[in-house]
Every structure is written in C-alpha cells, then in structure tokens.
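Coordinate inspection notes
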Amino acid sequence: MNLLAFAGRRLAGAAVLLVLLSAAVFAVTAVLPGDAVSAVAGVDASAAQRADVRAGLGLDRPAAERYAAWAADAVRGDLGHGFVGERPVTDILATRLPNSLLLAGLTLAVTAPLATLLGLWTGLRGGGTADRVVSTGAQVLAAIPEFVVAALLVAVLAVWAGVLPRVSVVPLGGTPLDAPRALVLPVLTLSAVGLAVATRLLRVSVADAAATPYCEAARLGGVRGIRLAVRHVLPNAAGPAVQALTLTTGALVGSAVVVENVFDYPGIGRELQLAVAARDVPMVQGIATALVAVMLLVLLLGDVCARLIGAREGHGR
Amino acid sequence: MTTALTPRRRPGTPARRSARRRPPLLLGAATLLVVLLALLGPLVPPHSPTAQLAAPFQRPDGAFPLGTDVLGRDVASRVLGGGRTIVLTALAGTAAAGAVGMAAGVLAAMVSRRLGDLLVRCVDALAVLPPLLVVLVLAAGFPGSGAAVVAAVALATAPFSTRVLRAAADTVLASGYVEAARARGDTRRAVLRHDVLPNIAGPALVDTALRLVASLHLTATAGFLGLGPGGAAPDWGRMVSENAPGATLAAAPFLAPALLLVLLSVCVGLLAGRLADTVGRGAA
C-alpha cells in the first residue's frame, strides 16, 4: 500500500515535470528565432507569402494559446504533423521508438551484468592494481565522446577487419532484428560507453556495502571470495546499484542519439537530428517531449525498484 | 567502530604513494601540447582549410601530408584549424556553467532552507533532460549559432555544479568560524566574501574541471551532429562525420581528428580526475 502511494506520488511529480519540460521545449522551438516560417516558406519568400504561411501554421496566435492547443492534442495522442512530408509525429514515434528501445535493451543486457561484475571486482579491491586499472580505464572511456568511440570501432572492425557493416542498413519495412549484424556495432559502442559510466557508479556502491558492519562481520567470520560478494555485498549494494543503472540508462538516451547518427540506425535519435537539421519544429517538439517522457519513466521505474529492494530488506523508510 | 577494524582503503606502499602524489607532468605536457595545437593551429595552415585543392580522398604526399578529404580539401590544414572552435566553445560553456552554478549554488545555501530546496529542485528538473537533447533543442531554436551551443552546454552542466557548490557552501556555513563571524556581527556579505567563497574555491575548481570534460564532450558531439556555426569551416567533430563514409578510401581524414579528440578529452579527463583526487584528499 505504502509502495503504491509512493509510486503514485512519484508519478504525479513526473507528470508535472513532463508538462513543465514540454512547455520549455515548446518555448525554445516555437518562440525563439528559429522561426518555422522560413523553414516552410523558404528563405526568399515575400512578406505576403510569409504572412500566409504564418497564418496557415497558426503561428500568429499567442504562444501560450498555441501551447495549450498542442498540449490538448498531445494528451489525446495527436502530436501534430511534421513540416517535412507532412508525416504525423506519432507515426514516426511508433515506428522509430521501438528500434531505439531495442538498441537500449540490448545494450542494457550487455552492460548490466558486466558492470555488476566489474563493480564487484573493483569495489572489493579498493586501492589495488585491478581497481586502479579498471577505474582509470572507465574514466578514460567516459571522457571520450561516443561518436569518436564509434568511429574508432568502425575503423578497426568495419574498415580494417571488414567483419561488420559500417552502417546499419535495415531492410525496408523490416525491423533491425532482420539484420542482426547491423546491430552489433551500435550495441558495442553504446555498451562500451554505458559500461564506463555504470562501472564507476557501481564500484562506489559496492565499496560502501563492503564497509558496512554486516559485511565486516561476515568477513571476520571467514566468508570470502564469491560467497562474500554474492551473499553479503550484493544484496546490500542492490539499492544504490539499481539507481546507478537507472542513471546509466538515462545517459544512454543521449548517447543513443549520437550512435544512431553514426551508423544511420533507423531510431528516434536519428529522426530527431534530421528534424533539427530541417528545422521541422513540430517533429522536434514531439520527439523531444517523447524522449523526456521516456527519461522520466526510466527514473520513476528505477526509484520504484530501489524502493522495492529497500522494503524487502527492511530498511525502507 | 567499523573503521577501527579495517581501514577503508588498503594503504599503498610508500613508493607507490609518492608516485601518485607526484604532479602529472607528462599528462600536463600532453594536454598543453594538444590545447596549443588547437588554439594556434589556425595561424599556420599550409593551405586554405576551406578551398578545394585536389581530388577527394587523395593519399598523403608531399603537398598534402595527410591527404585530402571528401571534398578534396587539405586534411592537414583542416586538422590544424579544426580544434580552436571546440576548445573555445567548451571553455566558454564551462565558464558560463561555472558562473551560473556558483551563483545558484551559493544563493541556495545562503537563503532560507526551504527556498534553497525549492531552487535546487527547479535545477534538478533541468538535470532530467539529457544534455544532448538540450543541445539539439536549442540548436533547433537558434539554427547555426555558436552561442546556442555555449548556452546549451552551460544549461546542461550547470545543474550538477549547483548541487555540488550548494553542498560545499552549506558545510562552510555550518562551521564554527562562520557562527563566530555571525555572532560578532559580520554582515552576510562579509561572511560570503571572507568565509564562504575562499573555502569553496577548491570544490569549485574541481567541479569546473569536471564540467570542462563534459563540456568538451558535448561541444565535439555538437560539431559531429552539424549543430552550431555551419558551413565549410573546419571542426574536428564535423570532420569525423564528413569523412567517415570514405573510411575505406582514406583513413587519415577521419582518423586524424578522431585521435586528436581522443587525446584532448582523455588528457583533460585524466587531469580533472587527478585534480579531484588531490583536492579531495587535501580536504579530507
């Protein structure tokens, strides 16, 4: 019951935040100088043409009124049409978002177990050589922009070794699962980046858990190695670890946008970049709002999971 | 109690300790070198970085030490010219983020607790946005503007600074000497100037260094995605995206800027990490 109330309160908070952030996105794209009119009417349109387009797009109305109308439609599941090709924004979301979620899911499936292993290994050997090597490696990897990691992987695996396709060509009308080889490089890049972020966060929670009196007692009682890690440290580190993985997933949303662009992967990030390049304002608004919603949902799920683990262990508040 | 049983960290051997405490000369020199290359490179290009001089993807030869790129421009000249925007934009973004974070963090610590919590919560709402999304949306709002990238970098990284600096300022404000200063009638302004600011300078420096890492990361990515000032001007990030399709024809046009970006971000990242270690240990 308590958990339901907690989840409900968080959900309400996330909804309020979504409204505020979507308003911010709307304000930046619709009110600021990146005017949709010149994107539609062309740069050399006459003043009369521009006025026509402006009225046609409803841009002559006050911004608050436009946002209210947009938000009312959005609640009913209509995010409007993009300027380019008049495609409904929801259609794009429906076809592209699953591809991106697939990418994120596969990445998480690779990252979570590996990061847990590395986090346990380094966290239990704080200060040792292994810890220093892995921590420095993670620090280095986290500092390099995703597209550079991707470019270097392309150089090695696609150009020199020639074992993988350089771009993710997905058959028309198919899903990326029809061309599994196309998924390898994007997932590899995202996993490398995610691993760098997650290992560092997990290392801290493991080191904290290992320093608790409970683990100390187990260690003094002669429990060592894998048994200590699995039975004593991991359950104690699980709460913070879930939050660390949540943060990693959040960071993946941004990384995925870049990686999709490197590999021409047909995901939502690629569409967002194309929309920004074409100054397709409704599309940018729709996709950005959807991504914010995904992000909030991930954070919410992470909070609820951490709370569940905490409640089971009996140290939830 | 538990800390008495086992030290948190296994103490390293004295030799290793002193090795870690030695100032990172090599790292510092490498960073300086790559930053100087980025800043001064545009002054000494052998050819025009934007002119089409030969066929695309020529192999390296005497005239073009790194060959030519996708449009037949000299890669060496573009590599020399392409780092300055990234470094300067990242520095401007960091400075803006640092100023905003410092102001908001100190303000949140100095006002009443409830107001401060509210401020931090507003800032946290911004932190929900993936930084790249902020960059993309702002770039859609101000197409082709370098200022948009700076603003986006500042907006995306300032929330973390605010949190860190508020926590740092809170610790100082709760200390005995601030209490003493207040008791003898020092004004808020005097406390801010003589107690808070000097004492949060260390954390602020570390935080700024970490923001610079994030800032470089975002700026390079913005260049790669073709945001910010467009056109033919060279940019390491954009060079990677321009020349990646021709990777099978010529490796240098996209490997050279990619490796320079690796060198730049890794050096700055490791230096920031060392700085955080040193200052953190000094404070503890």
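Everything quoted here is computed from the prediction, not taken from an experiment.

**Quick notes on the overall build of chain A**
Along its length, chain A carries 12 helices and 0 strands. The helix and strand sequence of chain A, counted from the amino end, reads α-α-α-α-α-α-α-α-α-α-α-α. Going through the 317 residues of chain A one by one, you find that 44% of them count as buried. For chain A, the share of sequence-separated contacts (at least 6 apart) that also reach a separation of at least 24 residues comes to 71%. Accessible area of chain A: about 14700 Å², with a carbon and sulfur share of 68%.

**What about the interface of chain B and chain A?**
Contact with chain B, which involves 45 residues of that partner, is made by 50 residues of chain A. Across the chain B/chain A interface, buried area totals approximately 4000 Å², and carbon plus sulfur atoms make up 78% of it. Interface area lost by chain B to chain A is led by B:Val128, B:Val137 and B:His217, which between them contribute 14%. Here chain B and chain A share 0 salt bridges between them.

**Focus: the nonpolar core**
Ranked by size, the top nonpolar core spans 101 residues in total, and within it A:Phe147 and B:Trp236 carry the most contacts. Broken down by element, the residue count for this core peaks at 12 residues, all from helix α12 (residues 252–283) of chain B. What B:Trp236 contacts, discounting residues up to four positions off in sequence, is B:Leu37, B:Ala38, B:Arg78, B:Val79, B:Gly82, B:Gly83, B:Ile86, B:Pro257, B:Leu260, B:Leu261 and B:Leu264. Membership of the second largest hydrophobic core comes to 12 residues, among which are B:Val106, B:Val178, B:Ala181 and B:Val196.

**Some words on the pattern of salt bridges**
All names here are of chain B. For the coordinates displayed, the defined rule picks out 10 salt bridges over all chains. The salt bridge partner of Asp170 is Arg113, with a shortest N-O separation of 3.3 Å. Highlighted residues: Asp170 in helix α8 (residues 146–173) and Arg113 in helix α6 (residues 113–127), separated in sequence by 57 residues. One network of salt bridges, in which partners are shared, links Arg113, Asp117, Arg166 and Asp170.

**Overview of the confidence of the model for chain A**
Looking at chain A, pLDDT values average 79 and 86% of them are 70 or higher. Put simply, helix α2 (residues 36–41) of chain A is where chain A has its lowest mean pLDDT, 65, and helix α5 (residues 89–123) of chain A is where it has its highest, 86.

**Some points on the packing of helix α7 (residues 146–160) of chain A against helix α10 (residues 225–262) of chain A**
Residue and element names in this part refer to chain A. Where α7 meets α10, the closest approach of the two axes is 9 Å, and the angle between their N-to-C directions is 35 degrees. Crossing hand, α7 versus α10: right-handed. Within the contact between the two elements, α7 uses Glu146, Phe147 and Ala150 and α10 uses Ser255, Val258, Val259 and Val262. Residue composition of the contact of α7 with α10, grouped by class: 5 nonpolar, 1 polar and 1 charged.

**Some remarks on unusual backbone geometry**
Residue and element names in this part refer to chain A. Positive phi outside glycine occurs at Asp264, with the angle close to 55 degrees. Locating Asp264 in the fold gives a position in the loop between α10 and α11 (268–277). On the basis of relative accessibility, which here comes to 37%, the residue Asp264 falls in the partly exposed class.

**Here's the deal with α8(B)**
Between the first and last C-alpha of α8(B) there are 38 Å, a value that for 28 residues agrees with the 40 Å anticipated at 1.5 Å per step. Along α8(B), the helix axis deviates most sharply at B:Ala158, where the bend reaches about 40 degrees; the proline B:Pro159 sits within four residues downstream.

**Digging into the packing of helix α5 (residues 84–110) of chain B against helix α10 (residues 188–224) of chain B**
All names here are of chain B. The geometry of α5 relative to α10 is characterised by a closest axis approach of 8 Å and an angle of 145 degrees between their N-to-C directions. Considering the relative orientation of α5 and α10, their crossing is right-handed. Here the contact of α5 with α10 is built from residues that sort into 14 nonpolar, 6 polar and 2 charged.

**Things to note about the environment of B:Gly237**
In this fold, B:Gly237 is placed in helix α11 (residues 236–243). For B:Gly237, a relative accessible area of 0% puts it in the buried group. Along the backbone, B:Gly237 and B:Arg121 are 116 residues apart, and their C-alpha atoms lie at a distance of 34 Å. Each residue touching B:Gly237, except ones within four places of it in the same chain, is listed here: A:Phe147, B:Ile86, B:Ala220, B:Gly223, B:Phe224 and B:Leu261.

**Regarding the side chain of A:Thr107**
For A:Thr107, the location among the structural elements is in helix α5. In contact with A:Thr107, other than residues within four places in its own chain, are A:Val187, A:Leu190, A:Ser191 and A:Leu252.

**Quick look at the environment of A:Ala7**
Mapped onto the elements, A:Ala7 comes out in helix α1 (residues 2–31). Beyond its immediate sequence surroundings of up to four residues, A:Ala7 is in contact with A:Leu300 and A:Val304.

Definitions and limits used
- The residue numbers shown here count from 1 along each chain, following its written sequence.
- Labels follow written order: the first chain is A, the first ligand is 1, and so on.
- The predicted nature of this model means local features are confined to residues of pLDDT at least 70 and side-chain atom pairs, given and counted, to a pLDDT of 80 or more, with totals for whole chains, interfaces and linings taken over all residues.
- Side-chain metrics in this entry use all non-hydrogen atoms of the structure; hydrogen atoms and water are not considered.
- Put simply, DSSP H or I for four residues or longer makes a helix, DSSP E for two residues or longer makes a strand, and each gets a number counted from the N terminus.
- Three exposure classes are used, based on accessible area relative to the maximum for each residue type with a 1.4 Å probe and protein chains only: buried under 20%, partly exposed in between, and exposed over 50%.
- Note on definitions: a residue-residue contact is assigned when non-hydrogen atoms from the two residues lie within 4.5 Å.
- Note on areas: Shrake-Rupley with a 1.4 Å probe; residue coverage comes only from the protein chains shown.
- Accessible-area loss on putting two parts together, using a 1.4 Å probe and summing over both, is the definition of buried area adopted here.
- A pairing counts as a salt bridge when a side-chain nitrogen of Lys or Arg comes within 4 Å of a carboxyl oxygen of Asp or Glu.
- Nonpolar cores are built from buried Ala, Val, Leu, Ile, Met, Phe, Trp, Tyr and Cys residues. Side-chain atoms within 4.5 Å join them into one set.
- On a scale of 0 to 100, pLDDT captures the predictor's confidence in every residue.
- Axis lines are fitted to C-alpha atoms, over the contacting stretch for helices. Their N-to-C directions set the angle, which ranges from 0 to 180 degrees.
- Left-handed describes a crossing whose near helix is turned anticlockwise from the far helix through less than a right angle; right-handed describes the clockwise counterpart.
- Lys, Arg, Asp and Glu make up the charged group, whereas Ala, Val, Leu, Ile, Met, Phe, Trp, Tyr, Cys and Pro make up the nonpolar group; the residues left over, Gly among them, are polar.
- By this rule, a helix spans an expected 1.5 Å times one less than how many residues it contains.
- Working definition for bend: take the seven residues up to and ending at a residue and the seven starting at it, fit an axis to each, and measure the angle between the axes.

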